[in-house]
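Residues per chain are reported as follows:
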Amino acid sequence: MRLLPRRTASAIEPQAPDRQTKAVIVLRIIVLGSGAGGGFPQWNCNCSNCRRARAGDLAAPPSTQSSLAVSADDGESWFLLNASPDLRQQIAQSPRLHPRIGLRHSPIVGVTLTNADVDHVAGLLTMRESQPFAIHGTSRVLEEVKANAIFNILDRRLVSWRPLPLDRAVQLPGRDGAPSALTVEAFPVPGKVALWLEDPRLANLGSIAEDTIGLMISSTVGQRVFYIPGCAALPAGLADRLRGADAVFFDGTTYTDDEMPALGLGTKTASRMGHMSMSGPDGAIAAFAPLGVRRRIFVHINNSNPVLLADSAERATVEAAGWDIARDGMELEL
């Protein structure tokens, strides 16, 4: 397993996959976006973090909203894990996702949704240009998204909506409908219904288990990578599932639970928003310490989080605990 340097459009021209490495590279993962909703800097935020990012401070690099791209066939086809509102920019900055064949083409063959949050589904609208692909998610999330008429812009003759079962591994279909080399298992995690679907009249705002899921991505030779960008707690069953994993991309929204109220940036705690903080006795760092996960990477990082600053004490604490802070363009190979 290795992390690769960031690739940019000026550094790599779009090209066919290097077939000489096909026997070596089993899973390739690109962090398209590492930020939480609004990205970093957030358009209307004037906090010290965002001011440093806008000023071009090298210790405060900008980030787009959370999404990964995954390939298990040496880059011939790619699946997105969530579709960020920043998707067009993310594709432009990721040469591996550029068109390669003819006048209209994309190596992206599918999108898997972990919930119905705006910052995870709005990018689907960018993909409306008569391109075939499949959208995967729980039945509940797919129905919620399809019920919003704006998504009728996705041509149902070209775009298929495919429910994912919970707690059962499935091979995602490739471009021709045959099973791809990528296996995904969806499982429920503590969280809540998307903000735009909250109903204050109902218990837990109307949330049910299918509203927030994690994903286990695996290959034919058994590596296990988890993507969990939203998670409110780490109960014993979930901890056991993650134990010994090769890599986990995990919810890093805030450093402390009261981060946003303490900074005067809002009234909601991380837990109220359906997120587990990084620090503290109930935080992710402490919860993961005994699990033996080989590579732990925080994603979905809010603009208020001090770990976005490479020179912060909080960043040093997180890295000393063995965690990486995801950055846009980061690549991981297994």
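Residues numbered from 1 in each chain as written. Predicted model: local features only at pLDDT ≥ 70, side-chain atom pairs only at ≥ 80, totals over all residues. Heavy atoms only, no water.

Asker: Which parts of the structure should I look at to understand the nonpolar core?
Answerer: Soluble, globular proteins show a tendency: their nonpolar side chains are buried together. The biggest cluster of nonpolar side chains holds 35 residues, and the ones touching the most others in it are L234, L242, F250, F288, F298 and V318. Taken together, the elements giving at least two residues each to this core come down to α1 (48-54), β11 (224-228), α5 (236-242), β12 (247-251), α7 (284-288) and β14 (323-325). If we ignore the near neighbours within four places in the chain, the residues touching V318 are Y255, M278, I285, F298, V307, W323 and I325. By size, the runner-up hydrophobic cluster in this structure holds 28 residues, among which are L172, V225, Y227 and A247. (Core = buried A, V, L, I, M, F, W, Y, C linked by side-chain atoms within 4.5 Å. Buried < 20%, exposed > 50% of the residue type's maximum accessible area, 1.4 Å probe, protein only. Helix = DSSP H or I, 4+ residues; strand = E, 2+ residues; numbered from the N terminus. Contact = heavy atoms within 4.5 Å.)

Asker: Would you mind going over the sheet that holds β12 with me for this structure?
Answerer: Strand pairing in a sheet relies on backbone hydrogen bonds. The paired strands run either parallel or antiparallel. On the basis of which strands lie adjacent, the open sheet formed by seven strands has the order β8-β9-β10-β11-β12-β13-β14 and mixed pairing. Strand pairing shows two members of the sheet lacking a second neighbour, β8 (169-173) and β14, which therefore form its edges. Each strand axis lies, on average, 30° off the axis of its neighbour in the sheet, ignoring direction. One ladder, built from five bridges, connects β12 with strand β13 (residues 295-299); its direction is parallel. (Pairing = 2+ DSSP bridges. Axes fitted to C-alpha atoms, helices over the stretch in contact; angles between N-to-C directions.)

Asker: Just to check I follow, could you spell out the pattern of salt bridges for this structure?
Answerer: Where charged atoms from two side chains of opposite charge approach closely, those side chains can pair. If you walk through the whole model with that rule in mind, you get 19 salt bridges. Taking the shortest distance from any N to any O, the salt bridge between R28 and E333 comes out at 2.9 Å. Here R28, found in strand β2 (residues 28-33), pairs with E333, found in strand β15 (residues 331-333); they are 305 residues apart in sequence, far enough to count as distant. For E333, a relative accessible area of 3% gives the class buried. In this structure, E143 engages K146 in a salt bridge whose closest nitrogen and oxygen atoms are separated by 3.3 Å. One end of the pair, E143, and the other, K146, are both in helix α4 (residues 139-146), three residues apart, so they sit about a helical turn from each other. For E143, a relative accessible area of 46% translates into the label partly exposed. Here the salt bridges share partners, and the residues they tie into one network are R28, D74 and E333. (Salt bridge = Lys/Arg side-chain N within 4 Å of Asp/Glu carboxyl O.)

Asker: Sorry if this is basic, but what is going on with the confidence of the model for the protein here?
Answerer: Interpretation of the predicted coordinates at a detailed level should be avoided for regions scoring low in pLDDT. Summary statistics for the protein give a mean pLDDT of 91 and a share of 93% for residues scoring 70 or more. Per-residue pLDDT stays below 50 along residues 6-23; that stretch engages in 31 contacts with residues further than four places along the chain or on separate chains. (pLDDT = per-residue confidence, 0-100.)

Asker: Would you mind going over the pairing of strand β10 (residues 213-218) with me for this structure?
Answerer: Successive side chains on a regular strand alternate, one facing one side of the sheet and the next facing the other. Where burial is concerned, most of β10 is hidden: six out of the six residues are buried. Here β10 shows two buried faces, one formed by I213, L215 and I217 and the other by G214, M216 and S218. Two elements, strand β9 (residues 179-188) and β10, share six bridges in a ladder whose sense is antiparallel. Directly across from A186, in β10, lies its bridge partner L215. If you look at the hairpin formed by β10 and β11, you'll find five residues sitting between the two strands, and G222 has a positive phi there, around 100°.

Asker: Sorry if this is basic, but what is going on with the layout of surface pockets here?
Answerer: Size it by volume and the largest pocket reaches roughly 610 Å³. Here the lining of the largest pocket takes three residues from helix α3 (residues 118-121), the largest share from any one element. A class-by-class count of the residues in the lining of the largest pocket yields eight nonpolar, 15 polar and six charged. Within this model, the second largest pocket holds a volume of roughly 460 Å³. Along the wall of the second largest pocket there are 16 residues; nearest its centre are I91, H105, S106, T126 and E129. Tallied by class, the residues present in the lining of the second largest pocket amount to seven nonpolar, five polar and four charged. (1 Å grid on protein atoms, 1.4 Å probe; cavity = no way out; pocket = protein on both sides within 12 Å on 5 of 7 lines; lining within 4 Å. Points joined across faces, edges and corners; volume = space filled by probe spheres on them. Nonpolar A, V, L, I, M, F, W, Y, C, P; charged D, E, K, R; others polar.)

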